[in-house]
Amino acid sequence: MLANSQEIRSFSVVATSPCHRETALLIYSARLLGYHCPFLVVCDKETESHLNQYDLGDVVTRDMGELESVNIPKHNELHNASVILKKMDAIQWGVNQCGNTMFLDADIVLLKRIEHEISQPTMLSPHYHTVDRLHEGDRYGGFNAGYLFTKEPDLAERWRWL
């Protein structure tokens, strides 16, 4: 690790049953790379049951409960505000429980260790899926909400407010 990089103390994830296989693969990929910190997973009962089939190390699940209907204007079909709010719960849990967290969407697979890039209290990833990021940012957001690191205890609450 670089001198100014930070050790990841937890991973946080939100997962629902359509992505339970992907969630297990994400955790497995992190374990293969030597990450032994807790995975804190906010999920439904089906995902919890699926993850319990495997020996994935320190995986703690929290029931996501009912998804609240959030009355926010939809700008696209990709983003569900109710699920995004659960991401903030997972991030808050990771920071409060472990001091920092690397939030990852359930469909991410790690191919190499990533902490050598972490040098700030919060780090976000820009969207790379579009050619015209300037104009598409209004539609999809400027940052990828599925890949971020933070150790700031107020980030999740601030994001909820935004």
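Residues numbered from 1 in each chain as written. Predicted model: local features only at pLDDT ≥ 70, side-chain atom pairs only at ≥ 80, totals over all residues. Heavy atoms only, no water.

Novice: I'd like to hear about the layout of surface pockets, residue by residue, with values.
Specialist: Space inside the second largest pocket adds up to approximately 280 Å³. The leading source of residues in the lining of the second largest pocket is strand β5 (residues 122–126), at four residues. Here the residues of the lining of the second largest pocket are counted per class, giving eleven nonpolar, three polar and two charged. (1 Å grid on protein atoms, 1.4 Å probe; cavity = no way out; pocket = protein on both sides within 12 Å on 5 of 7 lines; lining within 4 Å. Points joined across faces, edges and corners; volume = space filled by probe spheres on them. Helix = DSSP H or I, 4+ residues; strand = E, 2+ residues; numbered from the N terminus. Nonpolar A, V, L, I, M, F, W, Y, C, P; charged D, E, K, R; others polar.)

Novice: Account for a nonpolar patch on the surface, with residues named and values stated.
Specialist: Judged by side-chain polarity, Leu25, Tyr28, Leu32, Val109 and Leu111 come together as a nonpolar surface patch covering roughly 570 Å² of accessible area. Among the structural elements, Leu111 can be located in the loop between β4 (101–104) and β5. (Patch = residues over 30% accessible without salt bridge, like charges linked within 9 Å, V, L, I, M, F, W, Y side chains within 5 Å. Areas by Shrake-Rupley, 256 points an atom, 1.4 Å probe, with all protein chains shown as cover. Salt bridge = Lys/Arg side-chain N within 4 Å of Asp/Glu carboxyl O.)

Novice: Requested: an account of the side chain of Thr150, with residues and values cited.
Specialist: Take Thr150: it is sitting in strand β6 (residues 143–150). Residue Thr150 is classed as buried on the basis of its relative accessible area, which comes to 0%. A distance of 3.0 Å separates a polar side-chain atom of Thr150 from the backbone nitrogen of Glu152. When sequence neighbours within four positions are dropped, the list of residues in contact with Thr150 reads Ile91, Val95, Asn100, Thr101, Pro121, Thr122 and Leu155. (Buried < 20%, exposed > 50% of the residue type's maximum accessible area, 1.4 Å probe, protein only. Polar contact = N/O pair within 3.5 Å; in protein donor to acceptor, adjacent residues only side chain to side chain. Contact = heavy atoms within 4.5 Å.)

Novice: Tell me what's going on with the packing of aromatic side chains, and back it up with residues and numbers.
Specialist: Each aromatic ring pair is described using two quantities: the centre-to-centre distance and the angle formed by the ring planes. Within this structure, the stated rule accounts for two aromatic pairs. On the numbers, 5.1 Å between centres and 85 degrees between planes, the contact of Phe11 with Tyr35 is edge-to-face. Remark: Tyr35 occurs in the loop between α1 (20–32) and β2 (39–43) and Phe11 occurs in strand β1 (residues 11–15); sequence separation between them is 24 residues. Taking the relative accessible area as the measure of exposure, Tyr35 reaches 3% and is therefore buried. Measuring from centroid to centroid gives 4.7 Å for Phe11 and Phe39, while their planes differ by 10 degrees, and the two rings are stacked. Of the two residues, Phe11 is situated in strand β1 and Phe39 in strand β2; the sequence distance between them amounts to 28 residues. (Phe/Tyr/Trp six-rings, centres within 6.5 Å; stacked < 30°, edge-to-face > 60°.)

Novice: I'd like a rundown of the environment of Leu26, residues and numbers included.
Specialist: Relative to the helices and strands, Leu26 is located in helix α1. Distance in space between the C-alpha atoms of Leu26 and Asp107 is 6.9 Å, their sequence separation being 81 residues. Excluding residues that lie within four positions of it along the chain, Leu26 makes contacts with Val13, Phe39, Leu104, Asp105, Ala106, Ile108 and Leu110.

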